[in-house]
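Descriptive analysis of the structure
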Amino acid sequence: MTTETVSKKSLLTPFNVITGLILVMGAALTVWRFGWGIGAVTNLDNNNPWGLWIGFDLLCGVVLAAGGFVTSSAVYLFGMKKHHAAVRPAILTAFLGYLFVVIALQYDLGRPWRLPYPFVVQSGTTSMLFEVGLCVALYLTVLFLEFSPAALEWLGLKRLRNLIHKLTIALTIFGVVLSTLHQSSLGALYIIAPAKLHPLWYSTYLPTFFFISAIAAGLSMVMLEGWLTHKPLHDKMSEEYLAQHDDLYFGFAKGASFVLMGYFFIKVIGIAVDNEWNLLGTGWGQWFLFELLGFVLLPSVLYAIGTREKNLKLIRWTSLLTVLGIILNRLNVSVIAFNWHLPSEMRYVPSWQEIGVTVFVCTMLVVTFKFIATRMPIFYDHPEYKDEH
Amino acid sequence: MEHAFYTLQDFLLYTKGWAYILMGASLVVFVAYWKFLFSRDKD
């Protein structure tokens, strides 16, 4: 068998074929959306101006990218140096997460060339959307700079890499401040819609709920990502990364367990403050309890058991449960419990094109992650910079 | 938990009362939960 035959054969893997098909579909949907307008591909209307692209691509994209600021602050600000090897994968995931949030947002907004408009053409700086836009733009820049040493090591640009490496602590602090601001502001966006969002999900504490749950999501995403990449990228992982692997899970599971317990209590206090106990007995109340007990309290307890029993398998499955719970929460706030009082024929259900674009964006993220992680020093230290940490 | 409220003060007394009870309970639970999480680390 010649080398050419081998390389041709290796290209036709199930992963590549499925990815290729999704990318072709996504390209066609992109032409459709930008050529014929948002109305041609979505089920959005004046009652439901924000749909799946905001509820999943943006809200879930941002919250699941919280692993970047959570891991870098744990290592560089709180001194948990033993988890150092997890920083680069977490930063890469966060950077790509935010990058594709911005790309996905273009499908919702249209006219991509007007992306900088909020910073120059706007009616005031007190707008919550302006705050979110500014924070995301700044944080994406911070993440790009935090990620760039890996790319510069790969490109062999030593001086520039060393210069940016010196900014690590400053960038981490900046990242934590910006994340605190916009993770909570995304929740604050829904405070202006008390008549539209179901009272069980509506609360003046929404910014706090969004921020606290983002910490749990970030910790869980780092564990889930470690689990998902463990097999396919095993040959790219350094001994240091693999040696720290189990400890990272036990440490992060403890953190996530405690944060989720705190999140559970503030959610219950939110019900008490608004006196919504009677709503818990309704159908919506059962759905709310399903989310709160099944995807907040249960993972908190499972993480605790997993870390006490040193049960890696349980912790991994719990990280998946937590991530699904956070996604469910964001979709409840933005889509499912939003406009809950409207008759069913006026309720929003995403079109297949909207789902197709979301799958397309997620696939592009996975492909880009794979491209970078197989080439640049993400799961291992570059030999020239091994002793620098 | 149906409850009749006749004044704003009545409502706030009730809701804040519950909120403070829950906050107090959460502080006790957090200490116990912390001990539960970290107790095996000493072994």
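Anything mentioned here points back to the structure above.
Predicted model only: the values in this text are computed from it and were never measured.

Here we come to the interface of chain A and chain B. Opposite the 15 residues of chain A that make contact, chain B presents 14 residues. A breakdown of the residues in the side of chain A that touches chain B according to their chemical character gives nine nonpolar, four polar and two charged.

Our next topic: the packing of helix α6 (residues 87-109) of chain A against helix α15 (residues 352-373) of chain A. Residues and elements named next belong to chain A. For the pair α6 and α15, interaxial distance at closest approach is 10 Å and the crossing angle is 150°. On the basis of their axis angle, the class for α6 and α15 is roughly antiparallel. With respect to the hand of their crossing, α6 and α15 are arranged in right-handed fashion. Of the residues in α15, those touching α6 at Leu92, Thr93, Leu96, Phe100, Ile103, Ala104 and Tyr107 are Val357, Val361, Met364, Leu365, Thr368, Phe369, Ile372 and Ala373. Along the lines of polarity and charge, the residues of the contact of α6 with α15 split into 13 nonpolar, two polar and no charged.

Time to look at helix α5 (residues 67-77) of chain A. Residue and element names in this part refer to chain A. Of all the 11 residues making up α5, eight are buried; the element is thus mostly covered by neighbouring parts of the structure. Among the residues of α5, Gly67, Gly68, Phe69, Val70, Thr71, Ser72, Ala74 and Val75 are the ones counted as buried. Looking at the buried positions of α5, the neighbouring elements they touch are α6, α8 (128-155), α10 (168-188) and α11 (206-230). Of the residues flanking the end of α5, it is Gly79, one or two places downstream, whose phi is positive at about 75°.

Considering the arrangement of structural elements, one finds Phe38 of chain B in helix α1 (residues 8-38). C-alpha separation for the pair Phe38 of chain B and Phe5 of chain B, spaced 33 residues apart in sequence, amounts to 44 Å.

Another point: the packing of helix α4 (residues 52-64) of chain A against α15 of chain A. A pair of packed helices is captured by two measures, namely the crossing angle of their axes and the spacing between those axes. All names here are of chain A. Close contact between α4 and α15 brings their axes to 10 Å; oriented N to C, the two are set at 15°. On the basis of the axis angle, α4 is roughly parallel to α15. The way α4 lies across α15 gives a crossing that is right-handed. Of the residues in α15, those in contact with Leu52, Trp53, Phe56 and Asp57 of α4 are Glu354, Ile355, Val357, Thr358 and Val361. In terms of residue class, the contact of α4 with α15 is built from six nonpolar, one polar and two charged.

All names here are of chain A. Tracing the sequence through the fold places Glu131 in helix α8. For Glu131, a count of 19 C-beta atoms within 10 Å gives the class partly exposed. Here the alpha-carbon distance between Glu131 and Leu242, two residues 111 residues apart in the chain, equals 39 Å. Those residues within four positions of Glu131 in sequence are excluded, and the remaining contacts are Leu181 and Ser185.

Each value, and the rule that gives it
- Residues numbered from 1 in each chain as written.
- Chains lettered and ligands numbered in written order.
- Predicted model: local features only at pLDDT ≥ 70, side-chain atom pairs only at ≥ 80, totals over all residues.
- Contact = placed C-beta atoms within 7 Å.
- Nonpolar A, V, L, I, M, F, W, Y, C, P; charged D, E, K, R; others polar.
- Axes fitted to C-alpha atoms, helices over the stretch in contact; angles between N-to-C directions.
- Helix = DSSP H or I, 4+ residues; strand = E, 2+ residues; numbered from the N terminus.
- Parallel < 35°, antiparallel > 145°, perpendicular 65-115°, else oblique.
- Left-handed = near helix turned anticlockwise from the far one by under 90°.
- Buried ≥ 20, exposed ≤ 12 C-beta atoms within 10 Å, placed from the backbone.

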